[in-house]
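Next come the chains, spelled out residue by residue.
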Amino acid sequence: MSSVQGFPDRYVPVDGVTSTKAFIGVTLVIAVFAVIVALLKGLMKKKKKKKPKTEEDEQGTKPGEEEAKVDEQTVEVFIDNMLKEKPIRFSSQELVNLTSNYSIKLGSGGFGEVYKGELPNGVKVAVKRLKNNGMDKRLEQQFMAEVGTIGRTYHKNLVRLLGFCFNAETKALVYEFMENGSLDKLLFGKKREFEWGKLYEVAIGAAKGLEYLHHYSHKKIIHYDIKPGNVLLDSEYSPKLADFGLAKLCNRDSTHVTLSGGRGTPGYAAPELWMPFPVTYKCDVYSFGIMLFEIIGRRRNINDIDVSSESSTHEWFPTRLWGKVEKGELEIELLENGIEEKDMVKAKTMTMVALWCVQYLPETRPSMSSVVKILEDEVQVTMPSNPFQHLISPVNSPLWTGSSSCSTTDDGTIDKEKDGTRTTKKYE
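Residues numbered from 1 in each chain as written. Predicted model: local features only at pLDDT ≥ 70, side-chain atom pairs only at ≥ 80, totals over all residues. Heavy atoms only, no water.

Inspection of the entire model under this criterion finds six aromatic pairs. Each ring, one from F143 and one from F164, has its centre 5.8 Å from the other, and the planes form 80°; the classification is edge-to-face. On the criterion of sequence distance, the pair formed by F143 in helix α6 (residues 137-149) and F164 in strand β5 (residues 161-166) is long-range, its members being 21 residues apart. Looking at F164, the relative accessible area reads 16%, which means it is buried. (Phe/Tyr/Trp six-rings, centres within 6.5 Å; stacked < 30°, edge-to-face > 60°. Helix = DSSP H or I, 4+ residues; strand = E, 2+ residues; numbered from the N terminus. Buried < 20%, exposed > 50% of the residue type's maximum accessible area, 1.4 Å probe, protein only.)

Further remarks concern the confidence of the model for the chain. Caution applies to low-pLDDT parts of the model: their predicted coordinates are not meant to be read in detail. Residues of the chain with pLDDT of at least 70 account for 64%, and the chain-wide mean is 77. Within the chain, the lowest mean pLDDT, 35, falls on strand β13 (residues 421-426), and the highest, 98, falls on helix α12 (residues 344-357). Within the model, pLDDT remains below 50 along residues 1-20, and this stretch shows nine contacts once partners closer than five positions in the same chain are excluded. In this model residues 256-260 is a low-confidence stretch, pLDDT under 50, and it forms 14 contacts with partners more than four residues away in sequence or in other chains. (pLDDT = per-residue confidence, 0-100. Contact = heavy atoms within 4.5 Å.)

Right, let's talk about the packing of helix α9 (residues 282-297) against helix α10 (residues 317-327) for a bit. Between α9 and α10, the least distance of the axes is 10 Å, while the angle of their chain directions is 75°. As far as their axial angle goes, α10 and α9 are roughly perpendicular. Between α9 and α10, the residues in contact are F293, I296 and G297 and F317, P318 and L321, respectively. Of the residues assigned to the contact of α9 with α10, the class counts are five nonpolar, one polar and no charged. (Axes fitted to C-alpha atoms, helices over the stretch in contact; angles between N-to-C directions. Parallel < 35°, antiparallel > 145°, perpendicular 65-115°, else oblique. Nonpolar A, V, L, I, M, F, W, Y, C, P; charged D, E, K, R; others polar.)

Have a look at this one:
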C-alpha cells in the first residue's frame with residue numbers, strides 16, 4: 001500500500017468499503033470530541049459566574065492579553081488622522097496657489113478680505129487674508145484669538161479652522177468653506193424664499209454653538225461679536241459661528257473679565273461693553289437676543305426706520321415688539337411681519353427669549369443652556385420684565401446705582417435681591 005506525501009499509510013483508503021468505514025469512524029470521533037469541548041466550556045462559564053467580584057472587577061475588568069494587543073499599524077493611522085485635525089501652517093505661495101492668486105473674493109471686513117480656495121485634495125476653503133500693516137498689535141491679537149480659540153475647538157455649530165499662514169509677507173486664516181454664505185444675506189436680501197420655520201432651526205443651531213463656547217469647551221470662550229454676519233451656513237443651511245477675532249479665553253472659575261477697550265459691533269454689543277466695568281459671558285447672550293429680533297422681523301435693528309408709518313417716526317424694532325407684548329398685540333405684529341400661522345407659537349417663543357436675552361442687567365439674562373432648552377420646547381418661557389426701562393430712566397438703572405442684584409442659574413431660575421429681600425422668579 002502506497003502512502004500519500006505528508007500522511008501515514010493508515011489514512012489512505014484502499015478501496016470503497018475501507019473508505020466508508022474510515023469516514024464513519026473519523027466522524028464519530030469528531031462528534032464525541034465536540035461534545036466534550038462543549039461540556040468543558042459550559043463548566044468554565046459556570047465557574048466564572050460564581051467567581052466573586054474583586055475590587056478590580058468593580059472598577060472595570062482589564063481586557064485579556066489578546067484584546068490588549070492592538071494593531072500597531074492601526075495606531076499609526078489613528079495618530080496620523082489626529083495630526084491632520086490640527087491647523088496646518090501654509091506658506092504664502094501655497095495660499096496663492098490654492099486661491100488662484102486670490103481671484104475669487106467672497107467678502108471683506110474690518111480686519112481683511114476673504115477669498116475662495118481649493119486644497120489639492122479638492123476640498124473647498126475660505127481664506128481670510130488679514131490686512132498686512134506690519135506687526136500691528138491688533139492684528140496680532142486677532143490672529144492669536146482665532147487660532148487660540150477656534151483652532152482647538154470642535155463643534156458642529158462652530159466653523160472649523162483648517163490652517164493659517166503667518167509671516168512678514170502674508171497673515172491669513174484658512175477655514176472650511178460654507179456654501180450658503182452668512183445669515184445676514186439670507187435675512188436682509190431681496191429674496192425671502194427661505195421659510196421662517198427653517199430660520200428657527202438656524203437660531204437653535206447658533207444657540208447650541210454659543211452654548212458650547214460658554215459651558216462645554218475646554219475653556220470658557222466669550223465671542224464678543226455675535227451677529228448674523230458671523231453665522232455661516234453650510235450646504236444644508238446648518239449654522240456655524242465664525243469670526244473669533246475678538247474672542248477671549250477664560251478660566252472656568254472666572255466670573256468677570258476686564259477689557260481694555262470696547263468690543264463688538266454697535267447695535268449688537270451689550271451695554272456693559274461700553275462701560276468701565278468687568279463683563280461676563282452674558283454679553284454674548286445680549287447680542288444673540290438682538291440677532292433673534294432680526295430673525296423675527298427679517299430686518300436690521302441698526303438704524304431701523306418704520307418707512308410704512310405715515311408720521312415717518314424712527315422706531316427700534318425690539319422696543320416696538322415689547323410695546324406690542326404689553327398691549328397683547330404681539331400676534332398681530334408678527335402676522336404683519338410675514339410670520340405664518342403655522343409658525344406663530346415658535347415666533348412668540350422666540351420673541352420672549354429675545355426679550356429675556358436683552359435684559360439690561362447681565363445677571364438677569366438667561367444662560368445659553370436655558371435658551372436652547374426653551375427654543376427646543378423642553379421648558380416654558382414666562383413673561384419677561386421690560387428690558388428697555390433704562391432708556392426711560394437711565395439714572396435709576398441698577399447697573400449705575402447698585403441698588404439691586406440679580407443672578408440667573410443655568411436651569412433658568414432668576415433670583416432677585418432688593419433691600420435685603422430675596423425673591424425667586426421661574427424663568428421657564
